[in-house]
Amino acid sequence: MWLIMPFIWGILEAVLLFMVPDVPVSIVTLKRGTKAGIIASIAAAIGAAIGGGAMYYWGQKDLFGVLAIIEKLPAISPQMIDKVIMQMHGARPFIAMLTGSFQGTPYKIYASIASSVNIPIWQISLLTPLIRLPRFLVAVGITSVAAQWARKIITSEKAIFWSAICIWASFYALYWSIMPN
């Protein structure tokens, strides 16, 4: 059961969900440990490949329609979409996709645009897990270190769990308040 949530979250975030799989991956890490967090990261990355494939085909059928819908999501601006379009037309679109995941640029934009720049679906399918996995693994590492530190000063696992939830809620409140949209 604990692998299903990161997997499904990976699919949904690649499509229209606007909270990254770092959230369930970090919860799995907190509850089950680093190794389970790594496995959850892989599940989320595979889910992202499925969702990315859906966005690829949606963009192939109706690029302007899908981008209009994406633009309505929190923290996504027309300028962000324009930047991704320029990056995808550049010499290194996969590097742009990787760095974008660490800069707050949603993967769904890249996946939607990929077919319009003649990137084959098989490349998106194979490379998406490799593009998304590093970010998820960073979440595992940060959560593992933070949990070790928290367990030295907080004895209640429930309190640690709810602290993590509050940290994620604060992160998204800040992110959505500073990102244009």
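Given the structure is predicted, the values throughout are model-derived calculations rather than measurements.

Procedures and definitions
- Per-chain numbering applies: the sequence of each chain, read as written, is numbered from 1 onward.
- The predicted origin of the model limits local features to residues at a pLDDT of at least 70 and limits the giving and counting of side-chain atom pairs to 80 or more, whereas totals for whole chains, interfaces and linings rest on all residues.
- Just so you know, side-chain values use all the structure's heavy atoms and leave hydrogens and water out.
- To qualify as a helix, a DSSP run of H or I must reach at least 4 residues; to qualify as a strand, a run of E must reach at least 2; elements of each kind are numbered from the N terminus.
- For a helix, the expected span equals 1.5 Å multiplied by the residue count minus one.
- Think of it in three bands: with a 1.4 Å probe and only protein chains considered, a residue is buried below 20% of the maximum accessible area for its type, exposed above 50%, and partly exposed in between.
- Taken from the helix axis, the directions to the C-beta atoms give the arc we talk about.
- Contact between two residues is taken to exist if any of their heavy atoms lie within 4.5 Å; hydrogens are not considered.
- Here the axes come from fitting lines to C-alpha atoms, over the contacting stretch only for helices, and the angles between their N-to-C directions go from 0 to 180 degrees.
- Working definition: roughly parallel below 35 degrees, roughly antiparallel above 145 degrees, roughly perpendicular at 65 to 115 degrees, and oblique for all remaining angles.
- Crossing handedness follows the turn of the near helix against the far one: under a right angle anticlockwise gives a left-handed crossing, and clockwise gives a right-handed one.

## Considerations on helix α8 (residues 157-178)
Next up, step 1: If you check α8, its first and last C-alpha atoms are 32 Å apart, about what 22 residues at 1.5 Å a residue would give, namely 32 Å.
Next up, step 2: Here α8 has its buried residues at I160, F161, A164, W168, Y172 and Y175. The buried residues of α8 all sit within an arc of 115° when viewed along its axis, so they share a single face. What points out from α8, more than 90 degrees from its buried face, is the exposed set K158, L174, S177 and I178.
Next up, step 3: For α8, the elements touching its buried residues are α2 (22-32) and α7 (121-153).

## Overview of the packing of α2 against α7
Next up, step 1: As a packed pair, α2 and α7 sit with axes 9 Å apart at the nearest point and diverge in direction by 40°. When the interaxial angle is binned, α2 and α7 end up oblique. In this structure, α2 meets α7 at a crossing whose hand is right-handed. Here D22, V25, S26, T29 and L30 of α2 lie close against α7, whose contacting residues are R135, F136, A139, V140, T143, S144, A147 and R151.

No statement about biological role is implied by the geometric values presented.
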